[in-house]
Amino acid sequence: MPIAQLISPENLYQRLEEPGLVILDCRASLGDLDYGRRSYAQGHIEGARLADLDRDLSGKVVRGVTGRHPLPSPGHLLERFQAWGINANSDVVLYDDGPGAYAARAWWLLAWLGKRSGVYILNGGLKAWHEARLPLSLNAPPAERGHLSAKPDASLVVTAQQLAAQLPEGRLTLLDARAQPRFNGEAEPIDPVAGHIPGAHCLDFSKNIGPAGTFLAPEQLHERFKAYEGKEVVAYCGSGVTACHNLFAMCLAGLPLAKLYAGSWSEWITDPQRPVATGAG
């Protein structure tokens with residue numbers, strides 16, 4: 001079974017009564033910490049549980065040390081997955097407002113802990129759900145604790161120290177998921193330093209999505225990522241969230257799951273000794 005899978009709103013709606021199905025509402029906003037909770041309370045897909053980006057899917061931010069969304073501890077993350085009812089054989093559907101960046105973060109975290117089958121992203125997210133005229137619910141899902149066991153896969157993660165040590169070798173292929181102006185250093189609305197990690201390539205995650213708001217077809221995604229096939233790819237972004245969208249898209253394209261620099265740009269720039277580049281690269 002492929003590690004990256006999509007599900008349509010219509011297909012999900014038909015499966016809502018399926019025993020063992022777990023749905024996680026991953027809606028978030030980088031500029032509004034309570035957006036996800038507020039949106040969930042105003043209506044969610046029936047049976048969905050709230051997976052909060054900052055409280056559930058990230059660890060504690062340490063100023064001057066970590067990025068904006070450090071990885072949660074494996075123990076904390078496993079506890080959350082179990083509390084949401086996830087078992088080894090569960091089918092899990094993840095959604096956000098539409099593009100899939102926050103859902104992809106949850107997808108990657110599940111893969112990191114070893115759950116790599118039966119995990120789907122709702123294609124087009126809640127925007128597509130609304131367009132299909134499907135209902136939302138205000139009901140709280142029943143509490144059903146799962147028994148997922150997990151072991152984090154260190155091979156999927158690159159630390160800042162490892163990246164800094166390997167950067168001069170030129171062996172790694174860095175893919176930056178941020179938009180071109182941020183990559184170039186022309187604009188930086190979030191972090192205190194503009195630019196990118198030297199040698200990186202800009203692959204704006206939003207271009208994995210077509211005009212209809214859904215993921216491009218696998219063959220189109222393969223065309224986008226084929227230049228990096230067979231290379232040691234490390235994905236990063238501003239804080240380790242949208243990079244997961246590129247990792248998911250690469251897997252949809254048939255490429256293997258690449259590595260994530262989870263601290264990403266917001267962690268990289270906490271050390272002024274680390275090099276910074278500007279321009280198109």
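Everything below is about the structure printed above this text.
Residues numbered from 1 in each chain as written. Predicted model: local features only at pLDDT ≥ 70, side-chain atom pairs only at ≥ 80, totals over all residues. Heavy atoms only, no water.

## Observations concerning the sheet that holds strand S8 (residues 232–236)
Strands sit in the order S7-S6-S8-S9 across an open sheet of 4 strands; the sheet is parallel. In the strand order of this sheet, the two ends are held by strand S7 (201–202) and strand S9 (259–260), each with one partner. In this sheet, S7 lies alongside strand S6 (residues 172–176) in parallel orientation, the contact comprising 2 bridges. Across the sheet, residue Asp176 finds its bridge partner in S7, namely Cys202. (Pairing = 2+ DSSP bridges. Helix = DSSP H or I, 4+ residues; strand = E, 2+ residues; numbered from the N terminus.)

## Here's the deal with the nonpolar core
Grouped together as the largest cluster of nonpolar side chains are 60 residues, with contacts concentrated most on Leu24, Phe81, Leu94, Trp107 and Trp108. The element contributing the most residues to this core is helix H4 (residues 101–112), with 11 residues. Discounting residues that sit within four places of it in the chain, Leu24 has contacts with Arg49, Ala51, Trp84, Ile86, Val92, Val93, Leu94 and Tyr95. (Core = buried A, V, L, I, M, F, W, Y, C linked by side-chain atoms within 4.5 Å. Buried < 20%, exposed > 50% of the residue type's maximum accessible area, 1.4 Å probe, protein only. Contact = heavy atoms within 4.5 Å.)

## Focus on the side chain of Asn246
Examined against the element boundaries, Asn246 turns out to sit in helix H9 (residues 243–252). On the basis of relative accessible area, Asn246 is assigned to the buried category, the value being 0%. Ignoring any residue separated from it by four or fewer positions in sequence, one finds Asn246 in contact with Ala177, Leu203, Phe205, Asn208, Arg224 and Phe225.

## Some thoughts on the environment of Leu113
Along the chain, the position of Leu113 falls in the loop between H4 and strand S5 (119–122). Leu113 gets classed as buried once you look at its relative accessible area, which sits at 4%. Once the C-alpha coordinates of Leu113 and Lys151 are considered, the two residues, 38 residues apart in sequence, prove to be 5.2 Å apart. Once you skip the residues sitting within four places of it in the chain, Leu113 turns out to touch Pro74, Leu77, Leu78, Phe81, Ser149, Ala150, Lys151 and Pro152.

Treat this as a map of the structure, not an account of what it does.
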